[in-house]
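# A look at the structure
So the chains spell out like this:
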Amino acid sequence: MGSSGEEQLSQLVSDADLLDGADTASCPAALLKEFLQDRDKHFPSNGQGPFFYIGGSNGASIISAYCRSKGWQRTQDSRREDYKLKWCEIKCRDNYHSFREGQQLLFQLPNNKLLTTKIGLLSALREHERTVSKVNRMPPGTQPRVLKMEDFFPETYRLDVSNERQAFFTLFDETQMWICKPTASNQGKGIFLIRSQEELATLQAKIQSMDDGPLHCKIPFRGPQARVVQRYIQNPLLLNGKKFDVRSYLLIACAVPYMVFFGHGYARLTLNLYDPHSSDLSGHLTNQFMQKQSPLYMLLKEDTVWSMDHLNRYINDKFQRTKGLPQDWVFTTFTKRMQQIMSHCFLAVKSKLECKLGYFDLIGCDFLIDENFKVWLLEMNSNPALHTNCEVLKKVIPGVVMETLDLALETSQKSLRGQKMLPLRAQRRFALLHNGEADPRPLLRPRLGATGARPRPLAPLPHACPRPRPPGPAPNTGPAPGEPCAERRGTGHRGS
Ligand SMILES: Nc1ncnc2c1ncn2[C@@H]1O[C@H](COP(=O)(O)OP(=O)(O)O)[C@@H](O)[C@H]1O
Ligand SMILES: [Mg+2]
């Protein structure tokens, strides 16, 4: 897309974003009408497809504007199987069952929870560490240089595993703070701090009452006790006295072969000054959702999101000299560190992710910097927030979404045609973390046969009515057995 096209699209998107999610109620009718007229003027529809489907409102106007700029048409029929692109907030098993590899693009890898739930990520990192420590018994000089978990991931225990729970109860003392988080929630929901024996006793009583409760509560990963406790980083770096974290992106633009990228996002600040002893969670949790609960949010919301440039300038001004940091620490050391950590996490799950040509994923990664400039990974999120309710987000988010789609399209086309991936025309802000062209191909890949060869282009899509799914349960290509069809990380979840 040329720059003027992109500008036009960005403008359209920023208007259209008023239609997204929570902001819909405040959208004046005139603007809505204007947007719809404008959209049809720029992207007239002919009823012929190709079709795209968007499930949910997160980023919908940006995705929609992008697809319309390609001449595609939006369908509201979630069961339609002849789509070109499907982007859903909530994963649904049927989407993976009917997916036509090599012909379609489908947002979210079916088992991305290996990275995007707290227990999933913790387990993957631990297992990777065990594997790597075996490799490290190799002769010196032949060992690969790898990160240690303790160097970037705060000490964490699972509360749904009894010996881990006991280990935590035994080590706890009041000199340290801990944070307790549900495995598969987001936006700071269900999080609390543990600072005293009294708070620990309350947690123990809660767990005990669940243990005595109905059987369904006891299934690991699913029950309400599927939580982790994590050492609380008590000395975060502060911006004008406020706590912040950084949202960055891990993009899996292509799954066969893997083409994985890093993308910058933005910094999220609390409204209140940081006080480690305060019991008000809004000063501890930097999620926008938490900040929105404040009556001051509407007045001060622009202060709660900083661009990476702003963060870089601030750190240059305040800390470069006093802390002996290199110039532009944010874009040099910090960026490299985030990339290293993301690559490490990706490698931890690389062989376990379910991959088909056409699956792609955008994962939001939350990083905390402490006052010693140590970088901590807090978590990774599926379906990251793509709303643009602040000026900085209006500048950052459309670019992230458009480049995600551009890269997903270009890499899938190149894979299908057996072309070399690099250089990538679509690559602008994202940095390549992993080029899987040289990776060994998986031996058994459904639909591709046992050779693992690239799929041959399939016949062009007929723009026909959707085929009804045969009766009976769909094969288990999506969530794990026993899971509901849709993986719910809260409806309308934005991972922010
Ligand atoms: N170990 C920690 N130390 C300090 N602050 C933390 C820690 N873990 C989380 N936080 C704060 O809590 C917020 C929410 O935690 P997070 O793990 O991202 O869960 P959620 O999925 O609810 O967003 C983070 O954005 C950060 O501000
Ligand atoms: Mg988070």
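The rules behind these values
- Numbering of residues begins from 1 in every chain and follows the order in which that chain's sequence is written.
- Each chain takes a letter, starting from A, and each ligand takes a number, starting from 1, following the order in which they are written.
- Per-residue local features are limited, in this predicted model, to residues with pLDDT of at least 70; the limit for side-chain atom pairs, both in listing and counting, is 80 or more; totals at the level of whole chains, interfaces and linings are taken over all residues.
- Hydrogens and waters are ignored; side-chain quantities use all the structure's heavy atoms.
- Counted as donors are N, O and S atoms no farther than 2.8 Å from the metal, or 3.2 Å for Na, K and Ca; water is not among the atoms, and sites may therefore look incomplete.
- For the purposes of this entry, the term helix denotes a DSSP run of H or I that reaches at least four residues, the term strand denotes a run of E that reaches at least two, and both are numbered from the N terminus.
- For the exposure calls, accessible area comes from a 1.4 Å probe over protein chains only, and a residue counts as buried if that area is under 20% of its type's maximum, exposed if over 50%, partly exposed in between.
- Note on definitions: salt bridges are taken to be side-chain nitrogens of Lys or Arg within 4 Å of carboxyl oxygens of Asp or Glu.
- At least two bridges found by DSSP between two strands are what make those strands a pair.
- To define axes, lines are fitted to C-alpha atoms, for helices over the stretch in contact only, and angles between the resulting N-to-C directions are given on a 0 to 180 degree scale.
- Contact definition: two residues touch when any of their heavy atoms are within 4.5 Å.
- Using only the protein atoms, space was sampled on a 1 Å grid; points where a 1.4 Å probe fits but cannot get out form cavities, open sets with protein on both sides within 12 Å along at least five of seven lines form pockets, and lining residues are those with an atom within 4 Å of a point.
- Grid points are joined across faces, edges and corners, and a volume is the space filled by probe spheres set on the points.
- Three categories are distinguished: nonpolar for Ala, Val, Leu, Ile, Met, Phe, Trp, Tyr, Cys and Pro, charged for Asp, Glu, Lys and Arg, and polar for the others, with Gly belonging to the last.
- Where each domain starts and ends comes from a domain assignment, either automatic or drawn from a database.

## Considering the coordination of the magnesium ion (ligand 2)
Around the magnesium ion (ligand 2), the protein contributes the donor atoms Asp366 (OD) and Glu379 (OE), which lie 1.9 to 2.2 Å from the metal centre. One end of the pair, Asp366, is in strand β13 (residues 359-369); the other, Glu379, is in strand β14 (residues 375-381), with 13 residues separating them in the sequence. Summarising the burial analysis for this pair, Asp366 and Glu379 share the class buried.

## Details of the pattern of salt bridges
A pair can form between side chains of opposite charge whenever their charged atoms are brought close. Here the structure, examined in full by the defined rule, presents 16 salt bridges. As a salt-bridge pair, Glu379 and Lys118 come within 3.0 Å of each other at their nearest N and O atoms. Linking Glu379 in strand β14 with Lys118 in helix α6 (residues 118-135), this pair joins segments that are 261 residues apart in sequence. Each member of the pair, Glu379 as well as Lys118, carries the same accessibility label: buried. Between Arg231 and Glu155 there is a salt bridge whose closest N-O contact spans 2.8 Å. Note that Arg231 is positioned in strand β8 (residues 227-231) and Glu155 in the loop between α6 and β5 (156-158), a separation of 76 residues in sequence.

## Focus: the sheet that holds strand β7 (residues 192-194)
Across the sheet, four strands lie side by side as β5-β8-β6-β7; this open sheet has antiparallel pairing. The open sheet has two edge strands with one neighbour each: β5 and β7. Taking each pair of neighbouring strands and ignoring which way they run, the sheet shows an average axis angle of 25 degrees. Bridge count between strand β6 (residues 178-182) and β8: five bridges; the pairing is antiparallel. Paired with Cys180 across the bridge in β8 is Val229. The strands touched by helix α7 (residues 162-171) are β5, β6, β7 and β8; relative to β5, the strand with the most contacts, the crossing angle is about 130 degrees.

## Digging into unusual backbone geometry
Here the bond from Gly49 into Pro50 is cis, since omega is 0 degrees, no more than 30 degrees from zero. Its place among the elements puts Pro50 in the loop between α2 (29-42) and β1 (51-55). Residue Pro423 is bonded to the preceding Leu422 through a cis peptide linkage, with omega at -5 degrees. Along the chain, the position of Pro423 falls in the loop between α13 (391-417) and β15 (431-435). The backbone of Gln108 sits at a positive phi, close to 85 degrees, despite the residue not being glycine. By the element assignment, Gln108 lies in the loop between β4 (105-107) and α5 (113-116). For Asn383, which is not glycine, the phi dihedral falls at a positive 50 degrees. Tracing the backbone through its elements, the reader meets Asn383 in the loop between β14 and α13.

## What about empty space enclosed by the protein?
Scanning the model with the defined rule gives six cavities of 30 Å³ or more in all. Quantified by volume, the largest cavity comes out at close to 310 Å³. For the lining of the largest cavity, the element with the highest residue contribution is β6, accounting for three residues. Its residues placed into classes, the lining of the largest cavity shows nine nonpolar, eight polar and nine charged. Three or more residues apiece are contributed to the lining of the largest cavity by two domains, here domain 1 (155-232) and domain 2 (239-438).

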